[in-house]
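Architecture at a glance
Below are the chains, spelled out letter by letter.
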Amino acid sequence: MSRKFFVGGNWKCNGTIEEVKKIVTTLNEAEVPSEDDVEVVVSPPFVFLPVVKTLLRSDFSVAAQNCWARKGGAFTGEVSADMLINLGIPWVILGHSERRLLLNESNEFVGDKVSYALAQGLKVIACVGETLEQRESGSTMAVIAAQTKAIAERVSNWSNIVLAYEPVWAIGTGKVATPSQAQEVHFDLRKWLHDNAGAEAAISTRIIYGGSVNGENCRELATQPDVDGFLVGGASLKPEFIDIIKSVTVKKSA
Ligand SMILES: O=C[C@H](O)COP(=O)(O)O
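The chain has the name Triose-phosphate isomerase in an unreviewed UniProt entry, where Penstemon davidsonii is given as its organism. Entered under Pathway (unreviewed entry) in the UniProt record, the comment concerning the chain runs "Carbohydrate biosynthesis." If you open the UniProt record of the chain and go to Subunit (unreviewed entry), you find "Homodimer."

Listed below in structure tokens is the structure:
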């Protein structure tokens, strides 16, 4: 089966309302391949989600950058999955390494969030990835397997999950994984899914790459058989995000 190419733009904690509107205008005016070929999801900070959802072209979608692990209540500063659903936000990014590392989010906590978000009807971009130290000590797959296992233990249906492999050493560093490094991990992760979540999850789950993707390096990465798209940080704030969306054409001819 073919997995639809997926390009996510994670705007992280960036932008003023004026800048956000400008990015949306750039996206709205761009000529890109059909939504039959590529799914595009942008993820502004929470406060800009409603305005972006309202102004953004209808063939692109929006994601929140986080949500709480259970129903809302006395959790100051948190936003619940139920609230996102209430606002018509279809996607959420969970388990980003910046939250795992800076806010000490554990594998289990991320797994709880993924499970609760899916149960409320959200689609989830679930991030996994190793640090440089972990890669250099040869534990890349063990780390990623443990992160994915915490999700697999809480989830039986993978159809609303996109897995984002984001090596921490490649995020915001300009040091992108080579196409063969990305392919190797994506292949191993798909095999892990096969053995632990079943053949259907392995065949149909999109595994996207994130970490210093730009308008240039996306093309060769896109040719890799197990790279089903990208989660883009810095470059998603720039016009080159359009080029990254267009890399689906390279994928289709690979
Ligand atoms: O979620 C996106 C990733 O953290 C990648 O960020 P980056 O493209 O700025 O390296």
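**Some details on the overall build of the chain**
What the chain contains, in helices and strands, is twelve helices and eight strands. Since a compact globule built from 254 residues should have a radius of gyration of about 18 Å, the 17 Å found for the chain is in line with a globular shape. Summarising its shape, the C-alpha atoms of the chain cover approximately 50 × 45 × 35 Å along the three principal directions. Across the 254 residues that make up the chain, the buried fraction comes to 52%. Across the chain, the fraction of contacts at a sequence separation of at least 24, relative to all contacts at a separation of at least 6, is 74%. With an accessible surface of roughly 11,400 Å², the chain has 52% of that area assigned to carbon and sulfur atoms. The averaged location of the 30 negative side-chain charges in the chain is 3 Å from the averaged location of its 25 positive side-chain charges.

**As for the site of the ligand**
Near the ligand lie 13 residues; those nearest to it are Lys12, His96, Gly172, Ser212 and Gly234. Contact distances for the ligand include 2.7 Å between an oxygen atom and a side-chain N or O atom of Lys12. Here an oxygen atom of the ligand sits 2.8 Å away from a polar atom, N or O, in the main chain of Gly234. Bound to the protein, the ligand loses 95% of the 310 Å² it would expose on its own. Of the residues belonging to the shell around the ligand, the class tally is four nonpolar, seven polar and two charged.

**Concerning the pairing of strand E7 (residues 206–210)**
Taking burial as the measure, the five residues of E7 include five buried ones, the bulk of the element. Along E7, one buried face is formed by Arg206, Ile208 and Gly210 and the opposite face, lined by Ile207 and Tyr209, is buried too. Note that strand E6 (residues 161–165) and E7 share four bridges and pair parallel. From the neighbouring strand, Ala164 faces E7, where its bridge partner is Ile208. Of the strand pairs in this sheet, E7 and strand E8 (residues 229–232) are connected by two bridges, and their pairing is parallel. Residue pairing for E8: Gly210 is matched across the bridge by Leu231.

**Structural notes on the nonpolar core**
Counting 68 residues, the largest nonpolar core has Leu27, Val52, Val92, Val114, Trp158, Tyr209 and Phe230 as the members making the most contacts within it. For Tyr209, the contacting residues outside a window of four places in its chain are Tyr165, Pro167, Ala170, Val176, Ala177, Ala182, His186, Leu221, Val227, Gly229, Phe230 and Leu231. Counting eleven residues, the second largest nonpolar core, distinct from the first, contains Ala63, Trp91, Ile93 and Cys127.

Conventions used here
Residues numbered from 1 in each chain as written. Predicted model: local features only at pLDDT ≥ 70, side-chain atom pairs only at ≥ 80, totals over all residues. Heavy atoms only, no water. UniProt positions renumbered as here; feature names shortened; annotations may be inferred. Helix = DSSP H or I, 4+ residues; strand = E, 2+ residues; numbered from the N terminus. Rg over C-alpha atoms; globule rule 2.2 N^0.38 Å. Buried < 20%, exposed > 50% of the residue type's maximum accessible area, 1.4 Å probe, protein only. Contact = heavy atoms within 4.5 Å. Areas by Shrake-Rupley, 256 points an atom, 1.4 Å probe, with all protein chains shown as cover. Lys, Arg positive; Asp, Glu negative; His and termini not counted. Charge placed at Lys NZ, Arg CZ, Asp CG, Glu CD. Near = heavy atom within 4 Å. Polar contact = N/O pair within 3.5 Å; in protein donor to acceptor, adjacent residues only side chain to side chain. Nonpolar A, V, L, I, M, F, W, Y, C, P; charged D, E, K, R; others polar. Pairing = 2+ DSSP bridges. Core = buried A, V, L, I, M, F, W, Y, C linked by side-chain atoms within 4.5 Å.

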